[in-house]
Amino acid sequence: MGFCEHCEGQRFDRAQVLRQLRQTRARLRGEAESCTVDEALQLAIQSVRALEVPHLEPIDDWMEGTIEDQVIH
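Just so it is clear, the model here is predicted, and its values are computed rather than measured.

The rules behind the values
- Residues numbered from 1 in each chain as written.
- Predicted model: local features only at pLDDT ≥ 70, side-chain atom pairs only at ≥ 80, totals over all residues.
- Heavy atoms only, no water.
- Patch = residues over 30% accessible without salt bridge, like charges linked within 9 Å, V, L, I, M, F, W, Y side chains within 5 Å.
- Areas by Shrake-Rupley, 256 points an atom, 1.4 Å probe, with all protein chains shown as cover.
- Salt bridge = Lys/Arg side-chain N within 4 Å of Asp/Glu carboxyl O.
- Helix = DSSP H or I, 4+ residues; strand = E, 2+ residues; numbered from the N terminus.
- Buried < 20%, exposed > 50% of the residue type's maximum accessible area, 1.4 Å probe, protein only.
- Contact = heavy atoms within 4.5 Å.
- Lys, Arg positive; Asp, Glu negative; His and termini not counted.
- Charge placed at Lys NZ, Arg CZ, Asp CG, Glu CD.

Before going further, it helps to spend a moment on a nonpolar patch on the surface. A contiguous nonpolar patch, built from Val37, Leu41 and Ile45 and spanning about 290 Å² of accessible area, is present on the exposed surface. Mapped onto the elements, Ile45 comes out in helix α2 (residues 37–49). Residue Ile45 is classed as partly exposed on the basis of its relative accessible area of 40%.

Structure below.
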């Protein structure tokens, strides 16, 4: 059993966004000057916007057969 291409893409996108947010948090912690909450959120939003996240269309076909051939959607 596996994930359809659309859902697998969403899992990858989520991981990519979380990784970017962690890097931004680490960068902000390492800076000598502190910033406001608004500034920190703005930096986080900008860093996520800079990611190249592909758009995948969900598949309409459901595979039939054994459990190994089935797709989770």
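What follows covers the side chain of Thr24. Residue position: Thr24 is located in helix α1 (residues 5–30). For Thr24, a relative accessible area of 2% puts it in the buried group. The contact partners of Thr24, leaving out residues within four places of it in the chain, are Leu43, Ala44 and Ser47.

This brings us to the environment of Gln46. Structurally, the position occupied by Gln46 is in helix α2. What makes Gln46 partly exposed here is its relative accessible area of 43%. Sequence spacing of Gln46 and Thr24 is 22 residues, and the spatial spacing of their C-alpha atoms is 9.9 Å.

Time to look at a positive patch on the surface. Taken together, the side chains of Arg11, Arg14, Arg19, Arg22, Arg25 and Arg29 present a region of like positive charge at the surface. For Arg14, the position within the fold is in helix α1.

Of note, Arg49 is situated in helix α2. Classification of Arg49 by relative accessible area gives exposed; the value is 66%. On a C-alpha basis, the gap between Arg49 and Val17 in space is 9.4 Å, while along the polypeptide they are 32 residues apart.

The values are spatial; any link to function lies outside them.
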